[in-house]
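Close look at the chain arrangement
In case you want the letters, here they are:
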Amino acid sequence: MKKCPDSIVTDIHNYLDGDLEEEKEKLLKSHLQECTGCYQHFHELEKAIALVQSTSHVTLSEDFTNKVMAALPKEKKTISVNRWFR
Ligand SMILES: [Zn+2]
């Protein structure tokens, strides 16, 4: 089992903020393709953000994101990665 880079969570955050360098974005996406745990992390976070954005115009604080991250399930096994990456 591969070890995930420590920076992956930061990269996910930056990506969702639309603030990730192109190089890192590529690395992030290829990692998400092969890492179920991180993909699930990313997907749940994105869903949570989309939900918040669709219901209000609250600015996402770092604190909020941390709370979302803390509330997320650690890992799920049944994910169709190909749904996301074509
Ligand atoms: Zn990972």
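Structure first, text after, so check above.
A quick note: this is a predicted structure, and the numbers were derived from the prediction, not measured. Each chain carries its own residue numbering, running from 1 in the direction its sequence is written. Per-residue local features of the predicted model are confined to residues with pLDDT of at least 70, and side-chain atom pairs are confined, for both listing and counting, to 80 or more; whole-chain, interface and lining totals are unaffected and use all residues. Values shown for side chains rest on all heavy atoms present in the structure; no hydrogens or waters enter the calculation.

Some remarks on the packing of helix α1 (residues 8–16) against helix α2 (residues 22–34)
In contact at an axis separation of 10 Å, α1 and α2 are set at 115° when each is read in the N-to-C sense. Here α2 runs roughly perpendicular to α1, going by the angle between their axes. Seen along the crossing, α1 lies across α2 with a hand that is left-handed. From α1, Ile-8, Asp-11, Ile-12 and Tyr-15 reach across to α2, where they touch Lys-24, Glu-25, Leu-28, Lys-29, His-31 and Leu-32. Residues are sorted three ways: Asp, Glu, Lys and Arg are charged, Ala, Val, Leu, Ile, Met, Phe, Trp, Tyr, Cys and Pro are nonpolar, and all the rest, Gly among them, are polar. The residue inventory of the contact of α1 with α2, partitioned by class, reads five nonpolar, one polar and four charged. A fitted line through C-alpha atoms represents every axis, and for helices the fit uses only the stretch in contact; the resulting angles, taken between N-to-C directions, go from 0 to 180 degrees. Under the DSSP-based scheme used, a helix requires at least four consecutive residues in state H or I and a strand at least two consecutive residues in state E, with every element numbered from the N terminus. Oblique is the label for any angle not covered by the other classes, which are roughly parallel (under 35 degrees), roughly antiparallel (over 145) and roughly perpendicular (65 to 115). The sense of a crossing depends on the near helix, which, turned anticlockwise from the far helix by less than a right angle, makes the crossing left-handed and, turned clockwise, makes it right-handed. Note on contacts: a residue pair is in contact if any heavy atoms of the two residues lie within 4.5 Å.

So, the side chain of Gln-40
Along the chain, Gln-40 turns up in helix α3 (residues 36–55). Classification of Gln-40 as buried rests on a relative accessible area of 4%. Counting of polar contacts relies on pairs of N or O atoms within 3.5 Å, with two restrictions inside protein: one atom must be capable of donating a hydrogen and the other of accepting it, and residues adjacent in sequence are counted only when both atoms are side-chain atoms. A distance of 2.8 Å separates the side chain of Gln-40 from the side chain of Glu-44, its partner in a polar contact. Burial classification: accessible surface area is computed with a 1.4 Å probe over protein chains only, and a residue below 20% of its type maximum counts as buried, one above 50% as exposed, and the rest as partly exposed.

Re the packing of aromatic side chains
In this analysis, rings of Phe, Tyr and Trp, with Trp reduced to its six-membered ring, are considered paired at centre separations within 6.5 Å, and the interplanar angle assigns stacked below 30 degrees, edge-to-face beyond 60, and tilted for intermediate values. The full count for this structure, using the stated rule, is one aromatic pair. With a centroid separation of 5.7 Å and 45° between ring planes, the pair formed by Tyr-15 and Phe-42 is classed as tilted. With Tyr-15 in helix α1 and Phe-42 in helix α3, this residue pair connects regions lying 27 residues apart in the sequence. You can call Tyr-15 partly exposed: its relative accessible area is 24%.

Quick word on the coordination of the zinc ion
A four-donor tetrahedral metal ideally has 109.5 degree angles, and a six-donor octahedral metal ideally has angles of 90 or 180 degrees. Coordination partners: N, O, S within 2.8 Å of the metal, 3.2 Å for Na, K and Ca; water not considered, so apparent gaps in a site are possible. Donor atoms from the polypeptide that bind the zinc ion are Cys-4 (SG), His-31 (NE2), Cys-35 (SG) and Cys-38 (SG), placed at 2.0 to 2.3 Å. For the zinc ion, the four donor atoms are set out with angles of 104 to 117° between them, so the coordination reads as tetrahedral. Spacing between the donor residues of the zinc ion along their common chain follows C-x26-H-x3-C-x2-C. The two residues His-31 and Cys-38 agree in class, both being buried. Note on geometry labels: four donors, all angles 85 to 135 degrees, give tetrahedral; four donors become square planar and six octahedral when opposite donors are over 155 degrees apart and every other angle is between 65 and 115; remaining cases are irregular.

Regarding the pattern of salt bridges
For this document, the term salt bridge refers to a Lys or Arg side-chain nitrogen within 4 Å of an Asp or Glu carboxyl oxygen. Tallying each qualifying case throughout the model produces three salt bridges. Put simply, Glu-23 and Lys-26 hold a salt bridge, and the shortest N to O gap is 3.7 Å. Here Glu-23 pairs with Lys-26, and both are found in helix α2, just three residues apart, close to one helical turn. With a shortest N-O distance of 3.4 Å, Glu-44 and Lys-47 are connected by a salt bridge. One end of the pair is Glu-44 and the other is Lys-47, both in helix α3 and three residues apart, which spans about a single turn. Its relative accessible area of 44% is what places Lys-47 among the partly exposed residues.

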